[in-house]
Amino acid sequence: MDIISQLQEQVNTVAALSFNIFGTLQRDAPPVRLSPNYPEPPMNANGTEETTNLAEQPKTMSSELVKAAKEFDVLVAAIPISDGDEEAQLKRIMELQAENDAIGQELQKQLDAAEKELKQVQELFSQATDNCLNLKRPD
Amino acid sequence: MATATYPPPPPYYKLYKDYLQNPNSAPEPPPPIRGTYVLYGANYTTDDVLPTLEEQGVRQLYPKGPNVDFKKELRSLNRELQLHLLELADVLVERPSQYARRVEDISLIFKNLHHLLNSMRPHQARATLIHILELQIQRRKQAVEDIKRRREEAQKLLQEALGTLDGQ
């Protein structure tokens, strides 16, 4: 895939990662204590699995997000863009077109000459074979 | 159950009855369309140009101008994006009701990123064209060299054959 499409894919990946991260964290976050007067919300004994997941989820997700952003930077550095702006590129295209035309004409000339020579050789060869066949007398 | 048959082909083929005898007796193919045209009720334009962000009602974050330094702007937009995501996380912790403004900012940054990437496409197209032209020139030069070489070889062979025949 070309570099710009890769960059576009990376941007979309970062976007997808970020809204998945925020959505997951919001969905799984424990309730917030509003005031010291209200008692703590009852913690259901769901085991320590959920709490460990809740603790390490932000870490893994944030490291993934940072990794994706770094990959974007790497891709940006890999863009083979030269400083040439539009006019420089168009000028180069005109030059290349002129050179292409010139060498196309040269190629055509060579081709014509070669075809002419081929025809000459073929004609001479047929003459020679005719002479050979005519001079050969069946014994 | 009666089914409708397909519509008949357009009747223009009758105009080309004598094409083999007289190619000028048949109408020319229609010229390419310029400007806008209507297709299945929708308007299309032949001038494919990327609309600027202002035309889409989106604020442009990177500086306008004839030459945009794509790499620098992409990198700075990426940094802005990360900062805004962190800000969003902060806002959600402390003032959850003010998320809307932050989310809007983040989507603005994404739109700018995509617009910047899209505006690199014409540059890429021209660079591809330059590359193709260079390849073609190289191939043509190679072909010229090949033909020259073969002609010289053929000449040499003919001279040798002439020499052999004369020697006989």
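Residues numbered from 1 in each chain as written. Chains lettered and ligands numbered in written order. Predicted model: local features only at pLDDT ≥ 70, side-chain atom pairs only at ≥ 80, totals over all residues. Heavy atoms only, no water.

A few points about the overall build of chain B
Here is step 1: Scanning chain B from terminus to terminus reveals three helices and two strands.
Here is step 2: Taken from N to C terminus, the helices and strands of chain B fall in the order β-β-α-α-α.
Here is step 3: Taking 2.2 N^0.38 as the reference for a compact globule, 168 residues should give roughly 15 Å; the C-alpha atoms of chain B span a radius of gyration of 32 Å, well beyond that estimate.
Here is step 4: Seen through its C-alpha atoms, chain B measures out along the principal axes to roughly 105 × 65 × 40 Å.
Here is step 5: A buried classification covers 21% of the 168 residues belonging to chain B.
Here is step 6: Considering only contacts in chain B between residues 6 or more positions apart, those separated by 24 or more positions represent 50%. (Helix = DSSP H or I, 4+ residues; strand = E, 2+ residues; numbered from the N terminus. Rg over C-alpha atoms; globule rule 2.2 N^0.38 Å. Buried < 20%, exposed > 50% of the residue type's maximum accessible area, 1.4 Å probe, protein only. Contact = heavy atoms within 4.5 Å.)

Focus: the interface of chain B and chain A
Here is step 1: Taken together, the contact between chain B and chain A spans 39 residues of the former and 42 residues of the latter.
Here is step 2: Regarding the contact of chain B and chain A, the summed buried area is about 3,900 Å², with carbon and sulfur atoms giving 67% of it.
Here is step 3: Counting the surface chain B buries against chain A, the share from its top three residues, B:K71, B:R126 and B:R151, is 15%.
Here is step 4: In this assembly, chain B and chain A are joined by six salt bridges.
Here is step 5: Between A:E117 and B:R151 there is a salt bridge; the shortest N-O distance is 3.0 Å.
Here is step 6: In this assembly, chain B and chain A are joined by 19 residue pairs in polar contact (both at pLDDT 80 or more). (Buried area = accessible area lost by both parts, 1.4 Å probe. Salt bridge = Lys/Arg side-chain N within 4 Å of Asp/Glu carboxyl O. Polar contact = N/O pair within 3.5 Å; in protein donor to acceptor, adjacent residues only side chain to side chain.)

Some thoughts on the nonpolar core
Here is step 1: Judged by nonpolar contacts, the single largest core of 30 residues is most densely connected at A:L7, B:L74, B:L81, B:F110 and B:L113.
Here is step 2: Of all the elements in the fold, those that place two or more residues in this core are α1 (3–28) and α2 (48–77) of chain A together with α1 (70–94) and α2 (99–119) of chain B.
Here is step 3: The element best represented in this core is α1(A), accounting for nine residues.
Here is step 4: Those residues within four positions of B:L81 in sequence are excluded, and the remaining contacts are A:V14, B:I106, B:I109, B:F110 and B:L113.
Here is step 5: Membership of the second largest hydrophobic core comes to five residues, among which are A:L96, B:I130, B:L133 and B:I137. (Core = buried A, V, L, I, M, F, W, Y, C linked by side-chain atoms within 4.5 Å.)

Notes on the UniProt feature "coiled-coil region" (unreviewed entry) in chain A
Here is step 1: In the numbering used here, UniProt assigns the feature "coiled-coil region" (unreviewed entry) to residues 93–131 of chain A.
Here is step 2: Taken end to end, residues 93–131 of chain A is 100% helix and 0% strand, and its two terminal C-alpha atoms sit 56 Å from one another. (UniProt positions renumbered as here; feature names shortened; annotations may be inferred.)

Examining the packing of aromatic side chains
Residues and elements named next belong to chain B.
Here is step 1: Overall, the coordinates contain two aromatic pairs over all chains when judged by the stated rule.
Here is step 2: Aromatic side chains Y16 and Y19 sit 6.2 Å apart centroid to centroid with 55° between the ring planes, which places their arrangement in the tilted category.
Here is step 3: Residue classification places Y16 among the partly exposed positions, given a relative accessible area of 35%.
Here is step 4: Each ring, one from Y37 and one from Y44, has its centre 5.9 Å from the other, and the planes form 25°; the classification is stacked. (Phe/Tyr/Trp six-rings, centres within 6.5 Å; stacked < 30°, edge-to-face > 60°.)

Some points on the pairing of strand β2 (residues 42–45) of chain B
Residue and element names in this part refer to chain B.
Here is step 1: Strand direction decides the pairing type here: strand β1 (residues 36–39) and β2, joined by four bridges, are antiparallel. Across the sheet, the residue bridging to L39 is A42, located in β2.
Here is step 2: Taken together, β1 and the strand that follows it, β2, pair antiparallel across an intervening segment of two residues, in which Y40 is found at a positive phi of about 50°. (Pairing = 2+ DSSP bridges.)

A look at the side chain of B:Q82
Here is step 1: Within the secondary structure layout, B:Q82 lies in helix α1.
Here is step 2: When neighbours within four sequence positions are excluded, B:Q82 is seen to be in contact with A:L65 and A:A69.

Quick word on the environment of B:Y37
Here is step 1: Looking at the element boundaries, B:Y37 is found in strand β1.
Here is step 2: The residues touching B:Y37, leaving out its near neighbours within four places in the chain, are B:A42, B:N43, B:Y44, B:T45 and B:T46.

Here we look at unusual backbone geometry
Here is step 1: You will see that B:Y40, though not glycine, has its phi angle at about 50°, which is positive.
Here is step 2: Counting through the fold element by element, B:Y40 comes out in the loop between β1 and β2.

Quick word on helix α3 (residues 121–167) of chain B
For an α-helix, the turn length of 3.6 residues means that residues three or four places apart are oriented alike.
Here is step 1: Relative to the 69 Å expected for 47 residues at 1.5 Å per residue, α3(B) spans 69 Å between its end C-alpha atoms, a close match to the ideal helical length.
Here is step 2: Those residues of α3(B) hidden inside the fold are in contact with α3 (86–135) of chain A. (Expected span 1.5 Å × (residues − 1).)

Comments concerning the pattern of salt bridges
Here is step 1: Throughout the structure, instances matching the rule amount to 13 salt bridges over all chains.
Here is step 2: A:E86 is the salt-bridge partner of B:R126, the closest N and O atoms lying 3.9 Å from each other. Remark: A:E86 occurs in helix α3 and B:R126 occurs in helix α3; the pair is interchain, linking two chains.
Here is step 3: The class for B:R126 is buried, based on a relative accessible area of 18%.
Here is step 4: We classify A:E86 as partly exposed; its relative accessible area is 44%.
Here is step 5: Taking the shortest distance from any N to any O, the salt bridge between B:E87 and B:R102 comes out at 3.0 Å. You can see B:E87 sitting in helix α1 and its partner B:R102 sitting in helix α2, a full 15 residues away along the chain.
Here is step 6: Judged by relative accessible area, which is 33%, B:E87 ranks as partly exposed.

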